[in-house]
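# Residue-level structural notes
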Amino acid sequence: MAAPFRAQRKSFTFKGLVESLHSVTDGFPDARTGNNTLYSMQDAALGAFSVFFTQSPSFLDFQRTMQLAKGCSNAHSLFGMRQIPTDVHIRNLLDPVPPNAIFPLFADIVDGLRDFGYLDAYRSVNGDLLVPLDGTQYFSSTKIHCPHCSVKQLKNGPVTYSHTVITPVIAAPGTNTVIPLEPEFITPQDGHDKQDCENAAAKRWLRQYGSRYRTLGVTILGDDLYCKQPVCEAIRQEELNFILVCKPDSHKTLYEWVAGLETTGGVHRVQVTRRQGKRTYTETYRFVNQVPLRDGEDALEVNWCELTTTRDDGKVVYHNAFATNHLLTYENVVDMVKAGRARWKVENENNNTLKTKGYHLTHTTGMASNTSLPCSPPSISWPFCFTPCWT
Ligand SMILES: [Zn+2]
């Protein structure tokens with residue numbers, strides 16, 4: 001069971017956040033057995049964070065030079081580092097630390113954002129925070145592997161080893177900043193295909209963190225892969241809401257119901273026209289409440305909505321549909337679709353940022369050339385994800 005949110009703090013500043021980082025990293029397990037403990041585990045953790053925070057691969061080198069020349073450094077004054085370890089030291093010290101050692105920091109940051117009103121700007125349909133779930137691969141290789149790798153044998157091709165993680169965030173339509181929450185690692189035992197694996201990891205995340213985030217009011221977003229009865233039930237069990245992409249191919253029963261209701265006038269419609277530049281666009285929303293998500297007597301009833309955007313020359317420029325447990329009305333269907341579409345932010349604003357801007361420490365090892373990303377394992381799970389692959 002996840003810990004409840006902490007009591008309100010007095011201020012929410014960069015200094016306060018660094019103090020939180022200190023208190024969490026202070027408890028990092030130290031795998032060293034000898035006397036060579038020049039650098040503390042905390043200095044290693046703060047060093048890794050500082051490189052990520054400044055997005056400068058040479059930050060620590062520069063700070064070391066500054067420390068020698070002037071007797072002081074930003075590494076000390078900004079981040080409170082006592083000694084400045086090298087990249088090699090940082091990797092050696094942090095590799096054995098399990099990723100969940102840093103997880104309390106996620107809750108601590110969300111606490112602060114909540115207490116000082118910063119989450120209010122993220123409130124969406126029915127006052128909920130939107131939390132998209134999405135899986136992303138952060139390591140892939142045909143050569144390097146560990147016991148925790150997911151293994152895939154392509155027909156007549158090489159064996160591919162990979163690591164994948166679900167990276168939930170708090171997102172909002174019209175906001176480019178997302179707030180990362182605790183990630184959930186997909187393990188080889190989770191299933192045989194992408195869908196099994198992601199759904200198992202999503203359910204694990206819901207069990208672990210659902211009760212805590214429920215107090216904030218949360219709607220889970222996800223693609224069609226998550227729009228399955230077991231996942232929807234797991235979400236509802238935690239008293240969270242959902243808006244999930246719902247495609248015809250994977251929801252035949254639901255779409256038969258919609259088609260049937262359409263013939264009797266049971267599908268509601270809202271049409272909005274907007275101008276953009278010289279073009280006019282017509283947005284047609286269709287929605288129904290209480291249709292079965294799947295075949296069978298125990299099928300979960302969901303509410304369904306769809307948006308089709310048509311340009312004035314007749315071309316359909318956008319089409320998508322969603323299943324939700326929120327009751328749909330003429331007044332809220334536009335906002336509901338807008339919220340459902342915020343799902344892509346987990347990919348654009350979180351995963352791509354981490355993959356392309358984050359963790360320059362890995363560039364020095366030469367391992368990246370064997371991987372699918374410019375940064376291999378540590379790049380994705382802020383601020384540390386040192387998997388056994390990495391050693
Ligand atoms: Zn591995």
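Quick note: structure is the one above.
Below you will find a few notes about this structure. Not measured: the values here are computed from a predicted model. (Residues numbered from 1 in each chain as written. Predicted model: local features only at pLDDT ≥ 70, side-chain atom pairs only at ≥ 80, totals over all residues. Heavy atoms only, no water.)

## Points about the layout of surface pockets
- Empty space within the second largest pocket amounts to approximately 470 Å³.
- Lining the second largest pocket are 18 residues, with Ser-150, Lys-152, Ser-162, Lys-194 and Cys-197 positioned closest to its centre.
- Put simply, the parts of the chain that give the lining of the second largest pocket at least two residues each are strand E2 (135–141), strand E3 (150–153), strand E4 (159–166) and helix H7 (194–214).
- The element contributing the most residues to the lining of the second largest pocket is E3, with 4 residues.
- For the lining of the second largest pocket, the residue count by class is 4 nonpolar, 10 polar and 4 charged. (1 Å grid on protein atoms, 1.4 Å probe; cavity = no way out; pocket = protein on both sides within 12 Å on 5 of 7 lines; lining within 4 Å. Points joined across faces, edges and corners; volume = space filled by probe spheres on them. Helix = DSSP H or I, 4+ residues; strand = E, 2+ residues; numbered from the N terminus. Nonpolar A, V, L, I, M, F, W, Y, C, P; charged D, E, K, R; others polar.)

## Observations concerning helix H2 (residues 41–54)
- Between its first and last C-alpha, H2 extends 20 Å over 14 residues, near the 20 Å set by a 1.5 Å rise per residue.
- A large share of H2 lies buried, amounting to 12 of its 14 residues.
- Every buried residue belonging to H2 is among Met-41, Gln-42, Asp-43, Ala-44, Ala-45, Leu-46, Gly-47, Ala-48, Phe-49, Ser-50, Val-51 and Phe-52, and all of these are buried.
- Immediately beyond the C-terminal end of H2, within one or two residues, lies Gln-55, with a positive phi of roughly 50 degrees. (Expected span 1.5 Å × (residues − 1). Buried < 20%, exposed > 50% of the residue type's maximum accessible area, 1.4 Å probe, protein only.)

## Observations regarding the state of the cysteines
- Enumeration according to the criterion identifies 0 disulfides in this entry.
- Between Cys-232, a free cysteine, and Cys-227, which holds the nearest cysteine sulfur, the sulfur-to-sulfur gap is 5.1 Å. (Disulfide = S-S within 2.5 Å.)

## A short note on the nonpolar core
- The biggest cluster of nonpolar side chains holds 79 residues, and the ones touching the most others in it are Leu-94, Trp-205, Ile-220, Leu-254 and Trp-304.
- The contact partners of Trp-205, leaving out residues within four places of it in the chain, are Val-131, Leu-133, Pro-168, Leu-181, Glu-182, Pro-183, Glu-184, Gly-210, Tyr-213 and Ile-220.
- Counting residues in each nonpolar core, the second largest holds 17 residues, with Val-125, Ile-243, Cys-305 and Ala-342 among its members. (Core = buried A, V, L, I, M, F, W, Y, C linked by side-chain atoms within 4.5 Å. Contact = heavy atoms within 4.5 Å.)

## Focus on the pairing of strand E1 (residues 129–132)
- Here E1 shows a buried face lined by Leu-129 and Val-131 and a second buried face lined by Leu-130 and Pro-132.
- One ladder, built from 4 bridges, connects E1 with strand E8 (residues 218–222); its direction is parallel. Directly across from Val-131, in E8, lies its bridge partner Ile-220. (Pairing = 2+ DSSP bridges.)

## Observations regarding the pairing of E8
- Burial within E8 is extensive, with 5 of its 5 residues counted as buried.
- The alternating pattern of E8 places Val-218, Ile-220 and Gly-222 and Thr-219 and Leu-221 on opposite faces, both of which are buried.
- In this sheet, strand E9 (residues 241–245) lies alongside E8 in parallel orientation, the contact comprising 4 bridges. Paired with Leu-221 across the bridge in E9 is Ile-243.
- Traced from E8 through helix H8 (residues 229–237) to E9, the parallel crossover comes out right-handed. (Right-handed = clockwise from strand over helix to strand, strands pointing away.)

## Observations concerning the sheet that holds strand E10 (residues 268–276)
- If you walk across this open sheet you meet the 7 strands as E1-E8-E9-E13-E12-E11-E10, and the pairing is mixed. Each of the sheet's edge strands pairs with one partner strand only, and the pair in question is E1 and E10. Direction aside, the axes of adjacent strands within the sheet are offset by 20 degrees on average.
- Inspection of the sheet shows strand E11 (residues 279–292) paired to strand E12 (residues 301–311) by 10 bridges, in the antiparallel sense. (Axes fitted to C-alpha atoms, helices over the stretch in contact; angles between N-to-C directions.)

## Observations regarding the environment of Gly-191
- Of note, Gly-191 is situated in the loop between strand E7 (184–186) and H7.
- We classify Gly-191 as partly exposed; its relative accessible area is 22%.
- Distance from Gly-191 to Ser-150, taken between C-alpha atoms, is 9.8 Å for residues 41 residues apart in sequence.
- In contact with Gly-191, other than residues within four places in its own chain, are Asp-196 and Cys-197.

## Things to note about helix H3 (residues 59–70)
- Here H3 is 12 residues long and its end C-alpha atoms lie 16 Å apart, about the 16 Å a rise of 1.5 Å per residue gives.
- Listing the buried residues of H3 in full gives Phe-59, Leu-60, Gln-63 and Met-66. Across the axial projection of H3, the buried residues extend over an arc of 115 degrees, all falling on one side. In H3, those exposed residues whose orientation departs by more than 90 degrees from the buried face are Leu-68 and Ala-69.
- Looking at the packing, one finds that the buried side of H3 touches H2, helix H4 (74–77) and helix H5 (87–94). (Arc of directions from axis to C-beta.)

## Topic: the side chain of Asp-223
- Here Asp-223 is to be found in the loop between E8 and H8.
- Apart from the residues lying within four places of it in its own chain, the contact partners of Asp-223 are Asp-134, Val-245 and Arg-343.

## Notes on unusual backbone geometry
- Here the phi dihedral of Glu-239 falls at roughly 60 degrees; this positive angle occurs in a residue that is not glycine.
- Note on placement: Glu-239 falls in the loop between H8 and E9.

Shape descriptors only; they carry no functional weight alone.
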